[in-house]
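# Inside the fold
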Amino acid sequence: EVDIEFTNRSNKQIAYVFFTLKFYDRMGGPAYCEIKNTNTRRLRFTGPVNAGASDRGYWDPIIYCSSTAAIKPSTVEIEYTDGTRQTINSNGTYWYSSSYYGGDLRD
């Protein structure tokens with residue numbers, strides 16, 4: 001399950017947001033989906049989201065792997081209602097699974 005809350009910090013209305021995520025186990029290695037044999041998923045959020053507004057997307061389930069402890073966003077691609085696009089690359093921050101109670105990965 002993935003629940004992502006975000007804020008539109010642009011002055012344009014968002015039509016779609018595409019989140020590319022990578023999944024990791026507790027040791028920091030890739031957590032592969034048992035069905036699709038990949039540790040990467042691309043999720044689509046459908047707007048509209050007005051300028052300055054916040055919204056939330058929820059996807060369930062997106063990966064079948066009991067060892068998943070963290071998710072790391074790779075890119076966030078935004079498509080605005082005027083047809084323009086923007087890609088934001090990851091800053092390297094992990095998002096932790098609610099079932100993972102340890103500290104940073106490898107602690």
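Below is a summary of the structure that appears in this document. (Residues numbered from 1 in each chain as written. Predicted model: local features only at pLDDT ≥ 70, side-chain atom pairs only at ≥ 80, totals over all residues. Heavy atoms only, no water.)

Quick look at the overall build of the chain now. Helix and strand counts for the chain come out as zero helices and seven strands. Counted from the first residue to the last, the chain has its helices and strands arranged as β-β-β-β-β-β-β. Counting across all 107 residues of the chain, residues that qualify as buried make up 36%. Counting contacts in the chain only where the partners sit at least 6 residues apart, residues at least 24 apart contribute 67% of the total. (Helix = DSSP H or I, 4+ residues; strand = E, 2+ residues; numbered from the N terminus. Buried < 20%, exposed > 50% of the residue type's maximum accessible area, 1.4 Å probe, protein only. Contact = heavy atoms within 4.5 Å.)

What follows concerns the layout of surface pockets. Quantified by volume, the largest pocket comes out at close to 480 Å³. Taken together, 24 residues form the lining of the largest pocket, with F6, T7, F19, V76 and I88 sitting closest to its centre. Only β1 (2–7), β2 (14–24), β5 (70–80) and β6 (85–89) provide two or more residues apiece to the lining of the largest pocket. Tallied by class, residues from the lining of the largest pocket come to eleven nonpolar, ten polar and three charged. (1 Å grid on protein atoms, 1.4 Å probe; cavity = no way out; pocket = protein on both sides within 12 Å on 5 of 7 lines; lining within 4 Å. Points joined across faces, edges and corners; volume = space filled by probe spheres on them. Nonpolar A, V, L, I, M, F, W, Y, C, P; charged D, E, K, R; others polar.)

Attention now moves to the pattern of salt bridges. Within the structure shown, the criterion is met by five salt bridges. For the salt bridge of E5 with R56, the shortest nitrogen-to-oxygen distance reads 2.8 Å. With E5 in strand β1 and R56 in strand β4 (residues 54–59), this pair connects stretches of sequence that are 51 residues apart. Sharing partners across several salt bridges, the network here consists of D3, E5 and R56. (Salt bridge = Lys/Arg side-chain N within 4 Å of Asp/Glu carboxyl O.)

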